[in-house]
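Fold and contact review
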Amino acid sequence: MITQLIKNGEVVDTSAESNSSSSTSKKSGGSLDKDAFLQLLVAQMKYQDPLEPTDNTEYISQLATFSQLEETQNMQASLQEMEANSLVGKQVVLRVTSSATGETSDVTGTVDSVIHENNKTYLMVNNNLYSIDDLYSVMDDSYMDAISLAKSFSLAIASLPSADELTLDNAGTLTNLGKHMTA
């Protein structure tokens, strides 16, 4: 049950008390929902001064503000989930801080899956779960293709004999390398 101090038909803002109860509520995972808001509104109406009733538009304004805040929070959570889901199959860089040493290191890999658990979003990269909060960078697909092509080009060059030892047997490899250079 939610209680609130009412004086002269108005809800009294006890900032110190509300701040401490609000932070306690956040730590315990609870939050003020529509039902709690409506209970508070009923209590405010019940204990208002009948000679000076509160204006109906004030109640409507409070409810509209609360509803807007709730919808904004829901939309933010949905957008974060959609963003995380769109990362599946993408190359990412995660900046991870070790809880034991406090050192920060980068982890690079492909996002294999996304897990939403206890209102948190985790990315599965290299068979390990990382918080989406650790996401540092998302690699562009064309950039990754260029890196892959450069690596294969380097390997093909390294597999060739020196210029003095080239033969006609190496002509096919050289021709393919030349095509990739002009592409």
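Placed above this text is the structure.
One structure accompanies this document, and this report is about it.

Rules and cut-offs
- Throughout this description, residue numbers start from 1 for each chain and increase along the sequence as written.
- Reporting in this predicted model follows two pLDDT cut-offs: at least 70 for local features of residues, and 80 or more for side-chain atom pairs to be given and counted; totals over whole chains, interfaces and linings ignore these cut-offs and use all residues.
- Excluded from the side-chain calculations are hydrogens and water; all other atoms, namely the structure's heavy atoms, are used.
- Remark: nonpolar core denotes a set of buried residues (Ala, Val, Leu, Ile, Met, Phe, Trp, Tyr, Cys) joined through side-chain atoms within 4.5 Å.
- Think of it in three bands: with a 1.4 Å probe and only protein chains considered, a residue is buried below 20% of the maximum accessible area for its type, exposed above 50%, and partly exposed in between.
- For the purposes of this entry, the term helix denotes a DSSP run of H or I that reaches at least four residues, the term strand denotes a run of E that reaches at least two, and both are numbered from the N terminus.
- When checking whether two residues touch, look at their non-hydrogen atoms; a contact exists if any pair is within 4.5 Å.
- By the criterion applied in these results, polar contacts are pairs of N or O atoms within 3.5 Å in which, for protein atoms, one can donate a hydrogen and the other can accept it, and in which residues neighboring in sequence qualify only through two side-chain atoms.
- Think of it this way: DSSP has to see at least two bridges between two strands before they count as a pair.

Moving on: the nonpolar core. Counting 12 residues, the largest nonpolar core is built from Ala84, Leu87, Val92, Leu94, Val96, Val107, Val111, Val114, Leu123, Val125, Tyr130 and Ile132. Only β3 (91-97), β4 (104-117) and β5 (120-125) provide two or more residues apiece to this core. What Tyr130 contacts, discounting residues up to four positions off in sequence, is Leu94, Val96, Val107, Thr121, Tyr122, Leu123 and Val125.

Moving on, we get to the side chain of Thr121. Inspection of the secondary structure puts Thr121 in strand β5. Residue classification places Thr121 among the buried residues on the basis of a relative accessible area of 7%. There is a polar contact of 3.3 Å between the side chain of Thr121 and the side chain of His116. Other than its neighbours up to four places away in sequence, Thr121 contacts Ala84, Val114, Ile115, His116, Tyr130, Ser131 and Ile132.

Taking every second residue as pointing to the same face, the buried face of β5 carries Thr121, Leu123 and Val125, while none of Lys120, Tyr122 and Met124 on the other face is buried. Examined bridge by bridge, β4 and β5 share 6 bridges and lie antiparallel to one another. Bridge pairing links Glu117 to Lys120 in β5. Connecting β4 to the next strand, β5, in antiparallel fashion are 2 residues, including Asn118 with a positive phi near 50°. As judged from the 4 bridges shared by β5 and strand β6 (residues 128-131), these two strands associate in the antiparallel manner. Residue Val125 lies in a different strand from β6, and its bridge partner there is Asn128. What sits between β5 and β6 in their antiparallel hairpin is a turn of 2 residues, with Asn126 showing a positive phi close to 55°.

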